[in-house]
Amino acid sequence: MKILLFYTKNQGYLSQFFSEFSDYLSTQENEIFIFSFKQNNGYSQNSNIHFYTKKKRGFISNYFQVFQIVKKIRPDVIIANFSYVNPAIISGYLFNTKTKIAWCDSLIKQSGANWLNNNIKRIVYRYANYLIANSYLMQQELIDIIRVRNDKIKVIPFYTNIHLKNKATKTKPNDIFKIGCPGRLEEHKNQLIVLKAIKLLNFNSNAKLRLFLAGTGNKKKQLIQYADENDLPVDFLDQLNSDKILDFYNEMDLIVLPSLHEAFGLVAIEAMALGRPVIISKNFGALSFIDQNKFKLDSFTFDPSNVKELAEILETYKQGDGHNGEYFQNLYKQTFNKGRIFESISNIILSETIE
């Protein structure tokens, strides 16, 4: 079977995800083709995996290059995400590709899609056989806003390999309780509520507690001003690369993730996989995959608009009465299994047609 994947090859998580999935598919006697827009044209081959890169140009030129690669390869299956979805699905329809899959990664609330964007999606998704959503939150958006039939949507979570790369260990305990909050400093990431919760708990700059915000964004000045005006124990770090984020996680006693909305929330499962205690906004899509009979969400989640609720759960963990790292590591292992995830996607690809 010929399978053509459209995604951007780089050092990011999604690229790693699709790269590993490509390797998995290639072991099942499939011929894999990967197409990416990069700075230069190129072609390489590793066993039965072919890599095509084309120089990114204007809108029409990019569409035409996607059209050309589909015409050349004539795949049995197309899988595309982000900006590749529209041209890939349309080209697959024109060349009678049997199975066309659109991979949806971002909530409409996060992407800022407007009326025109949503209507274009409605048209394009009609020609896709399946849509893969990374959470039930996204599934509901696709049904309610894009008006996709429920039977076309397959909900599959992500996983992470960050724990396999982890060589650092938690530093020796000290008198300072360290809270980490990684992520872009943007409105929907909602870091201000964490500062307000710390203020409510009367932790000032002399307290045996510090909050570390790791990231950049247009809310940084506002957050710095609020911390300074209220004499809060907050350190602002730059955006961390993949190596430094490991050290960051391991240095923290607690990770807090207060986003107003997250389609999935990769950072949450990264922290869990590394055995870090976490407090998570109830609006993280990743939470919907957790077996609530085994793991009680109320013990580590909060309403991202409720400062008092966050303050109370912060105090619980500060006093050592919250779940330990082993609890969250077990949660990750039992919920986000790479083998099961790959098998689920393979079953979609091998499906004949939608009834």
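To start, this report covers the structure provided alongside it. Quick caveat, the model's predicted, so the values are computed rather than measured. (Residues numbered from 1 in each chain as written. Predicted model: local features only at pLDDT ≥ 70, side-chain atom pairs only at ≥ 80, totals over all residues. Heavy atoms only, no water.)

**Regarding the sheet that holds strand 5 (residues 77-81)**
Consider a sheet: its strands pair through backbone hydrogen bonds, and that pairing is either parallel or antiparallel. Taken in spatial order, the eight strands of this open sheet run 3-4-2-1-5-6-7-8, and their pairing is mixed. Each end of this open sheet is capped by a strand with a single partner; those strands are strand 3 (42-46) and strand 8 (153-155). Recorded for the sheet is a direction-independent mean angle of 20° between the axes of neighbouring strands. Here helix 3 (residues 85-94) sits on the sheet in contact with strand 1 (2-6), strand 5 and strand 6 (99-104), set at roughly 170° to strand 6. (Pairing = 2+ DSSP bridges. Helix = DSSP H or I, 4+ residues; strand = E, 2+ residues; numbered from the N terminus. Axes fitted to C-alpha atoms, helices over the stretch in contact; angles between N-to-C directions. Contact = heavy atoms within 4.5 Å.)

**Quick word on the pattern of salt bridges**
Summed over all chains, the structure comprises seven salt bridges. Between E251 and K178 there is a salt bridge, and its shortest N-O distance comes to 2.3 Å. Within this pair, whereas E251 is found in helix 10 (residues 242-251), its partner K178 is found in strand 9 (residues 177-182), the two being separated by 73 residues in sequence. Residue K178 is classed as buried on the basis of its relative accessible area, which comes to 14%. Of the charged contacts, one joins R210 and D235 as a salt bridge, the two residues approaching to 2.7 Å between their closest N and O atoms. One end of the pair, R210, is in strand 10 (residues 209-214); the other, D235, is in strand 11 (residues 234-237), and 25 residues separate them in sequence. Residue R210 is classed as partly exposed on the basis of its relative accessible area, which comes to 22%. (Salt bridge = Lys/Arg side-chain N within 4 Å of Asp/Glu carboxyl O. Buried < 20%, exposed > 50% of the residue type's maximum accessible area, 1.4 Å probe, protein only.)

**Observations regarding the pairing of strand 11**
For strand 10 and strand 11, the ladder comprises four bridges, and the chain directions are parallel. Paired with F212 across the bridge in strand 11 is D235. Remark: the strand 10/helix 9 (residues 220-229)/strand 11 crossover connection has right-handed handedness. (Right-handed = clockwise from strand over helix to strand, strands pointing away.)

**Some thoughts on unusual backbone geometry**
At R147, a residue that is not glycine, the phi angle is positive and equals roughly 65°. Non-glycine residue N202 carries a positive phi angle of around 65°. Examined against the element boundaries, N202 turns out to sit in the loop between helix 8 (192-200) and strand 10. By relative accessible area, which is 67% here, N202 ends up exposed.

**Section: the sheet that holds strand 11**
Strand order in the open sheet formed by six strands is 11-10-9-12-13-14, with parallel pairing between adjacent strands. This sheet does not close on itself; its edge strands, each paired only once, are strand 11 and strand 14 (301-302). This element, helix 12 (residues 307-318), spans strand 9, strand 10, strand 12 (254-257), strand 13 (278-281) and strand 14 of the sheet and lies at about 170° to strand 13.

**Focus: helix 14 (residues 338-350)**
A rise of 1.5 Å per residue sets the reference length of helix 14, with its 13 residues, at 18 Å; its end C-alpha atoms lie 18 Å apart and thus fit the reference within 8%. Those residues of helix 14 that fall on the buried side of the exposure criterion are I341, F342, I345, S346, I348 and I349. The arc enclosing the buried residues of helix 14, seen along the axis, measures out at 155°, which places them on a common side. Among the structural elements, strand 1, helix 1 (13-26), strand 5, strand 6, strand 7 (130-133) and strand 8 are those in contact with the buried residues of helix 14. Two to three positions downstream of the cap, the backbone nitrogen of G339 sits 3.0 Å from a side-chain oxygen, assigning the N-cap of helix 14 to N337. (Expected span 1.5 Å × (residues − 1). Arc of directions from axis to C-beta. Polar contact = N/O pair within 3.5 Å; in protein donor to acceptor, adjacent residues only side chain to side chain.)

**What about a nonpolar patch on the surface?**
Taken together, the side chains of I90, Y93, L94, I123 and Y127 define a hydrophobic patch exposed on the protein surface, amounting to about 450 Å² of accessible area. Ranked by the residues each element gives to the nonpolar patch, the list is headed by helix 3, at three residues. Tracing the backbone through its elements, the reader meets I123 in helix 5 (residues 115-125). Given the relative accessible area of 45%, I123 is considered partly exposed. (Patch = residues over 30% accessible without salt bridge, like charges linked within 9 Å, V, L, I, M, F, W, Y side chains within 5 Å. Areas by Shrake-Rupley, 256 points an atom, 1.4 Å probe, with all protein chains shown as cover.)

**As for the environment of L310**
Examined against the element boundaries, L310 turns out to sit in helix 12. The residues contacting L310, other than those within four sequence positions of it, are I193, V194, A197, V256, I279 and F302.

**Structural notes on the packing of aromatic side chains**
For the structure on display, the rule yields 32 aromatic pairs. Judged by centre distance (5.1 Å) and plane angle (75°), the rings of F18 and W103 are edge-to-face. With F18 in helix 1 and W103 in strand 6, this pair connects stretches of sequence that are 85 residues apart. The pair F18 / W103 is uniform in exposure class, with both members buried. Centroid distance F21 to F342: 5.3 Å. Interplanar angle 45°. Geometry classified as tilted. Taken together, the residues F21 in helix 1 and F342 in helix 14 connect sequence positions 321 residues apart. (Phe/Tyr/Trp six-rings, centres within 6.5 Å; stacked < 30°, edge-to-face > 60°.)

**Some details on the packing of helix 8 against helix 12**
Where helix 8 contacts helix 12, the axes come no closer than 8 Å and their chain directions differ by 65°. With respect to their mutual orientation, helix 8 and helix 12 come out roughly perpendicular. At the point where helix 8 passes helix 12, the crossing takes the right-handed sense. From helix 8, I193, V194, K196, A197 and L200 reach across to helix 12, where they touch V307, K308, L310, A311 and L314. Classifying every residue of the contact of helix 8 with helix 12 by side-chain character gives eight nonpolar, no polar and two charged. (Parallel < 35°, antiparallel > 145°, perpendicular 65-115°, else oblique. Left-handed = near helix turned anticlockwise from the far one by under 90°. Nonpolar A, V, L, I, M, F, W, Y, C, P; charged D, E, K, R; others polar.)

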